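Analysis of the macromolecular model
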Amino acid sequence: MKKLSIYLFIITFLTTALAACSDSRIYKIGVSQCSQDDWRSKMNDEINREIMLHEDAEVEIHSADDSNPKQISDIRYFADNGFDIIIVSPNEAQALTPIIKEVYESGIPVIIFDRNIIGDSYTAHIGVDDKSIGREAAHYAFHILTEPPKVIEIYGLRGSTPAENRHNGFANELTAVGGKIIASEAGNWNKEEAIPIVDSLLKAHPEANLIYAHNDRMAIAASEITRRHGRNDIKIIGIDAAPEIGIKAVADSIIDATFLYPTEGHRLIQTALAILKGEPYQREVEIPASSAVDLSNADILLLQNETLTEETRKMKLLKEKIDDYWAKHSSQTSLFYASIAIIVLLFGVFFLVLRSFWQHRRHQMALMERNRLLEEQRDMQKSLNEKLQEATQSKLMFFTNVSHDLRTPLTLISEPVSQLADANNLTPQQHTLIKIADKNVKILRRLINQILDFRKYENGKLDLHLSEIDFGHAINEWMESFYAVARKRDIRLSLDTPAGAPVTGAFDAEKIERIFFNLISNAFKYTPDNGSIHVSYSVENERLTLKVADTGEGISERDLGNIFDRFYQADRIHPRGSGIGLSLVKAFVELHGGTISVKSALNEGSVFTVELPIRHISDTTVATEQNITPPRM
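Below or above, wherever it landed, is the structure these notes cover. Quick caveat: nothing in here was measured; it's all calculated off a predicted structure.

1. Description of the overall build of the protein chain
Looking only at helices and strands, one finds 16 helices and 21 strands in the protein chain. A burial count over the protein chain gives 42% of its 633 residues as buried. When contacts within the protein chain are restricted to residue pairs at least 6 apart in sequence, long-range pairs at least 24 apart make up 73% of them.

2. Points about the sheet that holds strand S15 (residues 492–496)
Reading across from one edge, S15-S17-S18-S20-S19 is the order of the five strands in this open sheet, with mixed pairing throughout. The sheet is open, and its two edges are formed by S15 and strand S19 (595–601), each paired on a single side. The mean angle between the axes of side-by-side strands here comes to 10°, regardless of whether they run parallel or antiparallel. In the sheet, strand S17 (residues 532–540) pairs with strand S18 (residues 543–550) via eight bridges, with the strands oriented antiparallel. Directly across from Ile533, in S18, lies its bridge partner Asp550.

3. Section: the sheet that holds strand S10 (residues 257–260)
The mixed open sheet is built from six strands, whose spatial order is S7-S6-S8-S9-S10-S12. The outermost strands of the open sheet, each flanked by one partner alone, are strand S7 (180–186) and strand S12 (292–293). As paired elements, strand S9 (residues 235–240) and S10 share four bridges and run parallel to each other. Bridge pairing in S10 links Gly238 to Thr258. Helix H8 (residues 216–228) contacts strand S6 (150–155), strand S8 (210–213), S9 and S10 of the sheet and is inclined by roughly 160° relative to S9. Strands in contact with helix H9 (residues 243–251) are S10 and S12; relative to S10, the strand with the most contacts, it is inclined by about 145°.

About the thresholds
- Residues numbered from 1 in each chain as written.
- Predicted model: local features only at pLDDT ≥ 70, side-chain atom pairs only at ≥ 80, totals over all residues.
- Heavy atoms only, no water.
- Helix = DSSP H or I, 4+ residues; strand = E, 2+ residues; numbered from the N terminus.
- Buried < 20%, exposed > 50% of the residue type's maximum accessible area, 1.4 Å probe, protein only.
- Contact = heavy atoms within 4.5 Å.
- Pairing = 2+ DSSP bridges.
- Axes fitted to C-alpha atoms, helices over the stretch in contact; angles between N-to-C directions.

Dropping the structure here:
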């Protein structure tokens, strides 16, 4: 059944994939324009018209609006978003050169057009011979004037390569033919900025007979100012010859002439695709200057532009219809193959349903048989659990009875041994031996009492006998029992006691001792030689906090939640105890109204924390007795 499902999936995938069998790559071309003006609008139209002829490419055009930071951001956007090639018209060479060099050296092809950068960190450069345009403008100025030209120059943008070249070509040629630039100020390519500049320059230089503007918008601004001043004798020349601005201004006699600045948008796309496809291309292209546009040819050029605009509109409309046709064709093709895939899937589903029906009976019979076996196993498990519970209770009863039988003679032995330990007529060796015997008798009594207490805990009959004790004195005595073991194993055993008055309270002395002995015995059990065990206690807000910290093996997160359960042992392979010590510690702590917690990590050690409320018994009060009910297992 699983194999059949895989086969159906493969068939569906293959049939659906036929609808999208085209695997041609789409090249992403990013164009960063330094500004947004009529000349660049004409170039953008040419770029979009050319891209319509290439189905394997798409273009995205951004304008920096004469802002260096904005253009740097646009270039980073193209570089960071997977564009295959970037076409840039730098706003200012010095400001844009570093980012263009960075992108070029990262492996992304870069085409520089119109304006240039410092150096040759680009794949191709397409520019216009601005110096020739400047020279042609100087020749034309000399031609239309009857006296030597006295020129006011409205500069483009300082630091812009086209502006510098247009100035140099014009100035050199003008000087050669006897003319002179009497004033030059930057209008930053904008009509609004050029108006006050022309106004002030005309007032300062009334002898001027010609204004040479680096683009048509600034030339139109100069025309408005000269008419306002009544200086219709001043000739005005611009550059760009964009149809809707420059050529129209010439045709309307607003300016005298403009020089065509070729846009060549189609050449940019063709060069970009040649680079991306590994075809031959020319790295350095300089487009030659063209002749002037004046009243003799402005109307013809406007008519040609109108015709071209109309043809472009028809091309866009035709492309939209073709795109719509292909979209419908692709949709229908996809629907056809999807229908085939659905039919195949329906046949497969029908077969699977039949197969499932055939197998249902066999599965049902197998499940019924399995349920019968599971019920038998459940009954058997229940019986085994009952027998195990009975065996556990029998063992506990046996250990309790044995402990009772052992405690009586042990009590009879402990008293004489204790008296001998305090005798003064023994030799040092005898004194040492009797001390060892007394110590081990106490340990044995403690173990027997622990078994008996555990039995009481199981039956819910654990009692609490409170008496006033000096906790600091008691813990110092208890610590004495472990210093010898610590020295023998080179374990650093330390005790921190709080400063100030003694810590006294109403505790069950025997159970508190058992709590301490169990915790510190566990610490010794799991701390390797040369380790350390640190015991501390403190009092705050009428609560006693006892901590036993070690540098032992630590407890895993899996075992931390279970270590206070009865009979639970973290090390199941090599158990080192009975699994009842910490369970009794928790019972004794809770019997006192306290809490116990542990923090531990493997190979870092453990910290057991016991918190007990400090209570006191008055002289007229009899020691209280409480009992605790064990949790159900």
